[in-house]
Amino acid sequence: MQNNREGLLIVISGPSGVGKGTICKIILERNKNAKLSVSATTRQKRQDDIEGVNYFFKTKEEFERMIENNEFLEYMQVFGMNYYGTPRAFVDEERRNGHDIILEIDVKGAKKVKELCPDAVLIFIAPPTMSDIKTRLLGRGTESQSEIERRFNEAFFEIGHMEQYDYIVVNDVIEKASKAILDIIEAEKCRTSRNDELVKRFKEVIESYDESSAGK
Ligand code: 5GP
């Protein structure tokens, strides 16, 4: 029995340097039904960033016009300077087509999404220890010293909000953490509340069952 339903809305957050990007890549490779929502941002493009793949890079004016046109599901000014936002149209359309949509966004954005869509699945990726975050940020070598310091402080803020999430996955081993998230996605699809149609169809069969024809 097939159950036609819209795709899951999956929010993945965690401090900078925790490995969100790598984990999301693995999830997308292994769950072909899942798609990543590409955010819009006004932050500077990094060397490895690709327009339309990592972000849609916008000027402040362009971003503010998109806000006025109500084009964002949620948006934030992260780190007090740059805008980041989730374009609404892609999320709505792809979910309607049955695709699971992954949003890789910060804790404030995650809170907004949960308010707007209570059935969203919020997953927080935590580091094994706080010092792992500093080591990983330094190892990345893409940010200035002051930017690393700011992101490390921001990591305290993010980690301080992990209890607002439905699930916490510790990224000690990337393979293990990725598998845990793939398993969460599968389990969420089995939730009774997401299977109304299936329950209804089985009940209809039971109700139309004619006892007199039993065993014939
Ligand atoms: P980065 O500059 O390292 O790519 O991202 C910085 C932070 O912005 C990360 O915590 C990331 O999850 C968050 N972020 C990226 N896109 C969005 C978005 O569309 N909305 C919100 N609220 N946060 C985002």
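Heads up: the structure comes first, above all this text.
One structure accompanies this document, and this report is about it. Throughout this description, residue numbers start from 1 for each chain and increase along the sequence as written. Selection of residues for local features in this predicted model requires a pLDDT of at least 70, selection of side-chain atom pairs for listing and counting requires 80 or more, and totals for whole chains, interfaces and linings are taken over all residues. Only hydrogens and water are set aside when side-chain values are computed; all heavy atoms of the structure are taken into account.

## Looking at the pattern of salt bridges
Think of a salt bridge as a Lys or Arg side-chain nitrogen and an Asp or Glu carboxyl oxygen that are within 4 Å of each other. A complete count under the given rule lists 16 salt bridges for this structure. In this structure, Glu147 engages Arg150 in a salt bridge whose closest nitrogen and oxygen atoms are separated by 2.6 Å. Of this pair, Glu147 and Arg150 both sit in helix H6 (residues 145-159), three residues apart, which is roughly one turn of the helix. By relative accessible area, Glu147 is classed as buried at 14%. Residue burial is assigned from relative accessible area. The probe radius is 1.4 Å, only protein chains are included, and a residue is buried under 20% of its type maximum, exposed over 50%, and partly exposed in between. The exposure class of Arg150 is partly exposed, given its relative accessible area of 32%. Among the salt bridges present, the one from Glu188 reaches Arg194, with a minimum N-O distance of 2.8 Å. Helix numbers and strand numbers start at the N terminus; a helix is a DSSP run of H or I with at least 4 residues, a strand a run of E with at least 2.

## Quick notes on the site of the ligand
Near the ligand lie 16 residues; those nearest to it are Ser39, Arg43, Tyr55, Tyr84 and Asp106. Contacts to the ligand include Tyr55, whose side-chain N or O atom sits 2.5 Å from an oxygen atom. In the model, a nitrogen atom of the ligand is placed 2.7 Å from a nitrogen or oxygen of the Asp106 side chain. Elements supplying a minimum of two residues to the shell around the ligand: strand E5 (72-78) and strand E6 (82-87). Looking at the shell around the ligand element by element, the count peaks at three residues for E6. Amino acid classes used here: Ala, Val, Leu, Ile, Met, Phe, Trp, Tyr, Cys and Pro are nonpolar; Asp, Glu, Lys and Arg are charged; the rest, including Gly, are polar. Here the residues of the shell around the ligand are counted per class, giving five nonpolar, four polar and seven charged. For this purpose, a residue is taken to be near a molecule or strand whenever a single non-hydrogen atom of the residue falls within 4 Å of it. N or O atoms within 3.5 Å of each other form a polar contact, as long as, within protein, one can give a hydrogen and the other can take it, and as long as residues adjacent in sequence are counted only when both atoms are side-chain atoms.

## Section: the side chain of Glu158
When you line up the elements, Glu158 lands in helix H6. Within this scheme the basic residues Lys and Arg register as positive and the acidic residues Asp and Glu register as negative, but His and the chain ends are omitted. Buried and unpaired, Glu158 has no salt bridge, with Lys20 as the nearest side chain of opposite charge at 5.4 Å. Here, two residues are considered to be in contact whenever any of their heavy atoms come within 4.5 Å of each other. Sequence-distant contacts of Glu158, defined by excluding residues within four places in its chain, comprise Gly14, Pro15, Asp106, Val107 and Phe124.

All quantities given are derived from atomic positions and should not be read as evidence of function.
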